[in-house]
Amino acid sequence: MKDTSFIKLNFPVKKWTTYNFLGWLLGTIFVLILSSSFDAIGIENLQFFVAVGIGLGIGTAQWIVLKRITEIKKNWITVTVIGLAIPFLTADTLRYFELLNLKSLFIPFCVGIGSLLVGFLQSKLLKNYNIGMLNWIIISFLSWTLIALAVYSVEYTHLISKNVLFGFITNLVLLLSGGIILGIITGKHLKRNLQVELN
């Protein structure tokens, strides 16, 4: 049996987290552009463009870091967008034909399913770097679920305080925290486990 040896890669967690944060901001801009574009042509009440925009922003930012220390190609961006978008597009379609309406659970449910798909698809690209599929799927699910909870909790911050300034600052922090949450959780895992096989 072949004895496989790996060398640990020096993964930049701080840079990864920073880029995830910037990717979240970029994704938000993409969402606003897509939303305005669809509204302009009379297509409203769809949510899949949220997943496409955020997936594109986050996927691009993550790949910029990964390409400097791995041989992972641009398809990292593609699988991130596809993984997040599939459940949103499916739910939008079912709602359009009045087959299913998740109402207030739309975002949490779709993000949860999307996180599993993203984790699975990304793990395929990480398999040569000693990142186990199941572990990465769990990490992905944990990260994106916490993000969904942070965003979802914006609806309830008014119950904590009626102060307008407090509400504004709290909601802003929650909405901007997505990239940081994703960066820290996934970054720590990659820091501990990212390795490359020695030839």
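Residues numbered from 1 in each chain as written. Predicted model: local features only at pLDDT ≥ 70, side-chain atom pairs only at ≥ 80, totals over all residues. Heavy atoms only, no water.

Asks: Hey, could you run me through the overall build of the protein chain in this one?
Replies: Summing up its helical and strand segments, the protein chain has seven helices and two strands in all. The linear arrangement of helices and strands in the protein chain, starting from the amino end, is β-α-α-α-α-α-α-α-β. Relative to a compact globule of 199 residues, whose C-alpha radius of gyration would be 16 Å, the protein chain shows 18 Å and is just as compact. C-alpha extents for the protein chain along the principal axes are approximately 60 × 40 × 25 Å. Looking at the protein chain as a whole, 41% of its 199 residues are labelled buried. Once local pairs closer than 6 in sequence are excluded, the contacts in the protein chain between residues at least 24 apart make up 76%. As presented, the protein chain carries roughly 11400 Å² of accessible surface, and 68% of it is formed by carbon and sulfur atoms. When the 16 basic and 8 acidic side-chain charges of the protein chain are each reduced to a single mean position, those positions are 13 Å apart. (Helix = DSSP H or I, 4+ residues; strand = E, 2+ residues; numbered from the N terminus. Rg over C-alpha atoms; globule rule 2.2 N^0.38 Å. Buried < 20%, exposed > 50% of the residue type's maximum accessible area, 1.4 Å probe, protein only. Contact = heavy atoms within 4.5 Å. Areas by Shrake-Rupley, 256 points an atom, 1.4 Å probe, with all protein chains shown as cover. Lys, Arg positive; Asp, Glu negative; His and termini not counted. Charge placed at Lys NZ, Arg CZ, Asp CG, Glu CD.)

Asks: Quick question: what am I supposed to make of the layout of surface pockets here?
Replies: One water molecule sets the probe size; rolling that probe over the atoms shows where empty space is left. As a volume, the largest pocket reaches approximately 430 Å³. Counting only elements with at least two residues in the lining of the largest pocket, the list comes to helix H1 (13-40), helix H2 (48-66), helix H3 (75-96), helix H4 (106-126), helix H5 (133-152) and helix H6 (164-176). Here the lining of the largest pocket is built from residues that sort into 16 nonpolar, two polar and no charged. Quantified by volume, the second largest pocket comes out at close to 160 Å³. Lining the second largest pocket, in full, are Glu 71, Lys 124, Leu 125, Lys 127, Asn 128, Tyr 129, Val 196 and Glu 197. Among the residues forming the lining of the second largest pocket, the class breakdown is three nonpolar, one polar and four charged. (1 Å grid on protein atoms, 1.4 Å probe; cavity = no way out; pocket = protein on both sides within 12 Å on 5 of 7 lines; lining within 4 Å. Points joined across faces, edges and corners; volume = space filled by probe spheres on them. Nonpolar A, V, L, I, M, F, W, Y, C, P; charged D, E, K, R; others polar.)

Asks: What's the story with the nonpolar core in this structure? I'm lost.
Replies: The nonpolar side chains of soluble globular proteins are, as a tendency, buried together. Membership of the largest hydrophobic core comes to 44 residues, with the highest contact counts inside it found for Ile 72, Trp 76, Trp 144 and Leu 194. Contributing elements (two or more residues each) for this core: H1, H2, H3, H4, H5 and helix H7 (178-193). Look past the residues within four positions of Leu 194 in its chain and what remains in contact with it is Lys 8, Leu 9, Phe 11, Ile 69, Thr 70, Leu 126, Tyr 129, Ile 131 and His 189. (Core = buried A, V, L, I, M, F, W, Y, C linked by side-chain atoms within 4.5 Å.)

Asks: Can you walk me through unusual backbone geometry in this structure?
Replies: Where the residue is not glycine, phi is negative for most of them; where a peptide bond is considered, it is trans in most cases. Backbone geometry at Asn 45 places phi at a positive 65°, although glycine is not the residue there. As for its position among the elements, Asn 45 is in the loop between H1 and H2. Of note in this structure, Glu 98 is not a glycine but carries a positive phi near 60°. Relative to the assigned elements, Glu 98 resides in the loop between H3 and H4.

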